[in-house]
Amino acid sequence: MSHEHVSNTKRIWFVFGLLSAVTTVEVILGIIKPGALEFNHFLGLNLLNWIFYILTIFKAYYIVWAFMHMEGEKSSLRWSVVSPVIFLVLYLLFILLTEGHYIYGVFKDSTIKWNF
């Protein structure tokens, strides 16, 4: 009835490498800021910002998947944890984009100067 201890060193290094690679891509894109991604827009944001959002959500999901051991849980528990987070992230993104567009329009069309 004893459980054998399994070393997860290889898995930990894989997760470290994957998350480091994604972070490196984000940093390089943030430094270089390719014009093709920065000046093309999709749904009110430039493509570079969309890439940052997607990579950040990927990293957050993978951290939950690997370090909170969600890959070994039942599907119903995974969805009960992940679904509210997905909903809240999308809702927050919607609010930020909507309000940011409104504030931009107010400052663009008024005599109030940008003070930030």
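Calculation criteria
- Here, residues in each chain are numbered from 1, in the same order as that chain's written sequence.
- The predicted nature of this model means local features are confined to residues of pLDDT at least 70 and side-chain atom pairs, given and counted, to a pLDDT of 80 or more, with totals for whole chains, interfaces and linings taken over all residues.
- The side-chain numbers reported here are obtained from all heavy atoms of the structure, hydrogens and water having been left aside.
- To pair, rings of Phe, Tyr and Trp, with the six-membered ring standing in for Trp, must have centres within 6.5 Å; the planes then decide the type, stacked if under 30 degrees apart, edge-to-face if over 60, and tilted in the middle.
- Secondary structure elements follow DSSP: runs of H or I no shorter than four residues count as helices, runs of E no shorter than two count as strands, and numbering proceeds from the N terminus.
- Under the scheme applied here, a residue whose accessible area is under 20% of the maximum for its type counts as buried, over 50% as exposed, and between as partly exposed, the area being computed with a 1.4 Å probe on protein chains only.
- Here a patch means residues that are over 30% exposed by relative accessible area and free of salt bridges, tied together within 9 Å if like-charged and within 5 Å if nonpolar (Val, Leu, Ile, Met, Phe, Trp, Tyr).
- Residue burial considers only the protein chains on display, and all accessible areas are found by Shrake-Rupley using a 1.4 Å probe.
- Whenever Lys or Arg places a side-chain nitrogen within 4 Å of a carboxyl oxygen from Asp or Glu, that contact is recorded as a salt bridge.
- A helix's residues, less one, multiplied by 1.5 Å, set its expected span.
- Note that the arc is computed from the directions linking the helix axis to the C-beta atoms.
- A contact between two residues is defined here by any heavy atoms of the two lying within 4.5 Å.
- Each polar contact in these results corresponds to two N or O atoms within 3.5 Å; when the atoms are within protein, one needs to be able to donate a hydrogen and the other to accept it, and residues that are neighboring in sequence are counted only if both atoms are side-chain atoms.

(A) Spatial organisation of the packing of aromatic side chains. Throughout the structure, instances matching the rule amount to six aromatic pairs. Taking the centre distance of 6.2 Å and the plane angle of 65 degrees together, the rings of Phe42 and Trp50 count as edge-to-face. Each ring, one from Trp50 and one from Tyr53, has its centre 6.1 Å from the other, and the planes form 80 degrees; the classification is edge-to-face. Linking Trp50 with Tyr53, this pair stays in helix H3 (residues 47-67), spanning three residues, or about one helical turn. With a relative accessible area of 17%, Trp50 lands in the buried category. The class for Tyr53 is partly exposed, based on a relative accessible area of 34%. Members of the aromatic cluster, each reached through a chain of ring pairs, are Phe42, Trp50 and Tyr53.

(B) Region of the structure containing a nonpolar patch on the surface. On the surface, a nonpolar cluster with roughly 550 Å² of combined accessible area is contributed by Phe87, Leu88, Tyr91, Phe94 and Ile95. The exposure class assigned to Phe87 is exposed, which follows from its relative accessible area of 55%.

(C) How the structure looks around H3. If you check H3, its first and last C-alpha atoms are 30 Å apart, about what 21 residues at 1.5 Å a residue would give, namely 30 Å. Of all the residues in H3, the buried ones are Leu48, Trp50, Leu55, Lys59, Tyr62 and Ala66. With its buried residues spanning 170 degrees around the axis, H3 presents them on a single face. Remark: His69 follows H3 within two positions and exhibits a positive phi of approximately 55 degrees.

(D) The side chain of Glu26, seen in detail. Tracing the backbone shows Glu26 in helix H1 (residues 9-32). Ignoring anything within four residues of it in the chain, the contact list for Glu26 reads Phe52, Leu55, Thr56 and Lys59.

(E) Region of the structure containing the pattern of salt bridges. Tallied over the entire structure, the rule returns one salt bridge. Of the charged contacts in the structure, one is a salt bridge between Glu26 and Lys59, with a shortest N-O distance of 2.9 Å. Taken as a pair, Glu26 in helix H1 and Lys59 in helix H3 lie far apart in primary sequence, 33 residues in all.

(F) Local environment of the side chain of Asn46. Mapped onto the fold, Asn46 is located in strand S2 (residues 45-46). Within the structure, Asn46 has its side chain in polar contact with the backbone nitrogen of Asn49 (distance 2.9 Å). Discounting chain neighbours no more than four positions away, the residues touching Asn46 are Leu37, Glu38, Asn40 and His41.

The values reported here are purely geometric and, on their own, carry no functional implication.
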